[in-house]
Amino acid sequence: MAVFTAVTPAEAGALTERLGAGRLIDLRGIGAGIENTNYFVTTDQGDWVLTLFERLTAAQLPYYLRLMQHLARHGLPVPEPRADASGEILHAVAGKPAALVDRLPGHHQLAPDLHHCAQLGSLLARMHRAVADFPLVQPNLRGRAWWTTMAAAVRPSLTDAQRSLLDDELAFQAAVAASPAFASLPQGAVHADLFCDNVLFDGLPGHEKLTGAFDFYFAGHDSFGYDLAVCLNDWCLNADDASLDEARAQALVQAYEAQRPLSAAEHRLLPALLRAAALRFWLSRL
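These remarks concern the structure in this document. (Residues numbered from 1 in each chain as written. Predicted model: local features only at pLDDT ≥ 70, side-chain atom pairs only at ≥ 80, totals over all residues. Heavy atoms only, no water.)

1. Regarding the pairing of strand β7 (residues 199–202)
Phase 1: In the sheet, β7 pairs with strand β8 (residues 209–213) via 4 bridges, with the strands oriented antiparallel. Among the inter-strand pairings, L200 is bridged to a residue of β8, identified as G212.
Phase 2: Hairpin geometry of β7 and β8 is characterised by an intervening segment of 6 residues between the two adjacent antiparallel strands and by a positive phi of about 130° at G203. (Pairing = 2+ DSSP bridges. Helix = DSSP H or I, 4+ residues; strand = E, 2+ residues; numbered from the N terminus.)

Right, dumping it as structure tokens:
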């Protein structure tokens, strides 16, 4: 169970009452997740998620929480952090930095079909449009500098074939990053981890509606095309051989472009960005 820090009902109740979120009725640890401690919180005013941050520091957290607040206030289905009377959205519980956010309805769709991918594409494009006036900037902490550091850390454990593949891909990505087309890619705050298990759907089977996107704690400033590539790699691959399912990929991209047309550079570099996204997650798993 992914509860690393125990929270008592008294501690959770003190927070909900201080934030005007109501009197605590129920507190339940959430078993999913590997980075943070999460609890479902029910009060007499509604349902919430309490997160205690085990890895991120109090100095890093305002970027992620303000991004969530920004997107929620632009009408996107993103959990909004609850603020105290002074407007502060980062709190402390059990000695850890913490946030209380809206609990969104729905469930994961881990075997997405065309209509799931289309809705995800539309949401992603709306998110990219909404961050045009987001004032905070933080690098993608799992970007190219991290790739280099992580590659050195895992190298002793790799086979010769894996080391060769990794070296070739790092060289390829370095060449891409040095190109004029890469420099022209539209950029902004991106989720960078919008896998199927970070999106919720609700409704009858085959007619589900996207109800929420969450877990923004890998977000950072990067190209919008990279964010799209992360989604394509998770939402549109065939389970048996990891090949790209053309129908799902087309549904996702077409829905994205209905909200935000891709630039010529994004079209040209999308295959390279798909490789970049695969490299990032391969390194994290190595």
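2. Let's talk about the pairing of strand β2 (residues 37–43)
Phase 1: Burial analysis of β2 places 5 of its 7 residues in the buried class, which makes it a mostly covered element.
Phase 2: When strand β1 (residues 24–29) meets β2, the two strands line up antiparallel, connected through 5 bridges. When the sheet's bridge partners are listed, L24 is paired in β2 with T43.
Phase 3: Here 7 bridges tie β2 to strand β3 (residues 46–52), and the two strands are oriented antiparallel to one another. Among the inter-strand pairings, V41 is bridged to a residue of β3, identified as W48. (Buried < 20%, exposed > 50% of the residue type's maximum accessible area, 1.4 Å probe, protein only.)

3. Some details on the sheet that holds β3
Whether parallel or antiparallel, the strands of a sheet pair through hydrogen bonds between backbone atoms.
Phase 1: If you walk across this open sheet you meet the 5 strands as β1-β2-β3-β5-β4, and the pairing is antiparallel. Because the sheet does not close on itself, it has two edges, and the strands there are β1 and β4 (91–93). Strand-to-strand twist in this sheet, taken as the mean axis angle between neighbours without regard to direction, amounts to 35°.
Phase 2: Where β3 lies against strand β5 (residues 96–102), 5 bridges are found, and the strand directions are antiparallel. Pairing of V49 across the sheet is with V101, part of β5.
Phase 3: Strand contacts of helix α1 (residues 9–18): β1, β2, β3, β4 and β5, with the helix running at about 125° to β1, the strand carrying the most contacts. (Axes fitted to C-alpha atoms, helices over the stretch in contact; angles between N-to-C directions. Contact = heavy atoms within 4.5 Å.)

4. Describing the nonpolar core
Across soluble globular proteins, you tend to see nonpolar side chains buried next to one another.
Phase 1: Counting 74 residues, the largest nonpolar core has L65, L71, L232, W235 and L252 as the members making the most contacts within it.
Phase 2: The element best represented in this core is helix α9 (residues 264–285), accounting for 11 residues.
Phase 3: Among all residues touching L71, those that are not within four sequence positions of it are L76, V78, M127, A130, V131 and F216.
Phase 4: L50, L52, V93 and A98 belong to the second largest nonpolar core, which has 15 residues in total. (Core = buried A, V, L, I, M, F, W, Y, C linked by side-chain atoms within 4.5 Å.)

5. Description of unusual backbone geometry
Phase 1: The phi dihedral of A94 is positive, around 55°, even though this residue is not glycine.
Phase 2: With respect to the helices, strands and loops of the structure, A94 is situated in the loop between β4 and β5.
Phase 3: A relative accessible area of 34% means that A94 is categorised as partly exposed.
Phase 4: Phi is positive for A242, close to 65°, though the residue is something other than glycine.
Phase 5: Topologically, A242 is positioned in the loop between α7 (224–235) and α8 (246–259).

6. Examining the pattern of salt bridges
A side chain of one charge can pair with a side chain of the opposite charge when the charged atoms of the two come close.
Phase 1: Under the criterion given, the structure shown has 11 salt bridges.
Phase 2: Here R23 and D44 are joined by a salt bridge, their closest N and O atoms 4.0 Å apart. Here R23, found in the loop between α1 and β1, pairs with D44, found in the loop between β2 and β3; they are 21 residues apart in sequence, far enough to count as distant.
Phase 3: Using a relative accessible area of 46% as the deciding quantity, one classes D44 as partly exposed. (Salt bridge = Lys/Arg side-chain N within 4 Å of Asp/Glu carboxyl O.)

7. Comments concerning the packing of helix α5 (residues 160–177) against α9
Phase 1: Closest axis-to-axis distance for the α5/α9 pair is 11 Å, and the angle between their directions is 135°. When the axes of α5 and α9 are compared, the pair comes out oblique. Where α5 crosses over α9, the handedness of that crossing is left-handed. Two secondary-structure elements touch here, α5 through Q162, L165, L166, E169, L170, F172, Q173 and V176 and α9 through L269, A272, R275, A276, L279, W282 and L283.
Phase 2: Of the residues contributing to the contact of α5 with α9, the split by class is 11 nonpolar, 2 polar and 2 charged. (Parallel < 35°, antiparallel > 145°, perpendicular 65-115°, else oblique. Left-handed = near helix turned anticlockwise from the far one by under 90°. Nonpolar A, V, L, I, M, F, W, Y, C, P; charged D, E, K, R; others polar.)

8. Topic: the side chain of D84
Phase 1: Mapped onto the elements of the fold, D84 is located in the loop between α2 (61–73) and β4.
Phase 2: A polar contact is formed between the side chain of D84 and the side chain of S86, at a distance of 2.8 Å.
Phase 3: In this structure, D84 is in contact with R18, L19 and H91, ignoring residues within four places of it in sequence. (Polar contact = N/O pair within 3.5 Å; in protein donor to acceptor, adjacent residues only side chain to side chain.)

9. Topic: the packing of aromatic side chains
Phase 1: Enumeration over the complete set of coordinates arrives at 6 aromatic pairs.
Phase 2: Here Y63 and F134 contribute two aromatic rings whose centre-to-centre distance is 5.7 Å and whose plane-to-plane angle is 65°, an arrangement assigned as edge-to-face. Of this pair, Y63 sits in helix α2 while F134 sits in the loop between α3 (114–130) and α4 (144–154), placing them 71 residues apart in sequence.
Phase 3: A ring pair is formed by Y64 and Y217, whose centres lie 6.1 Å apart and whose planes are at 75°; its orientation type is edge-to-face. (Phe/Tyr/Trp six-rings, centres within 6.5 Å; stacked < 30°, edge-to-face > 60°.)

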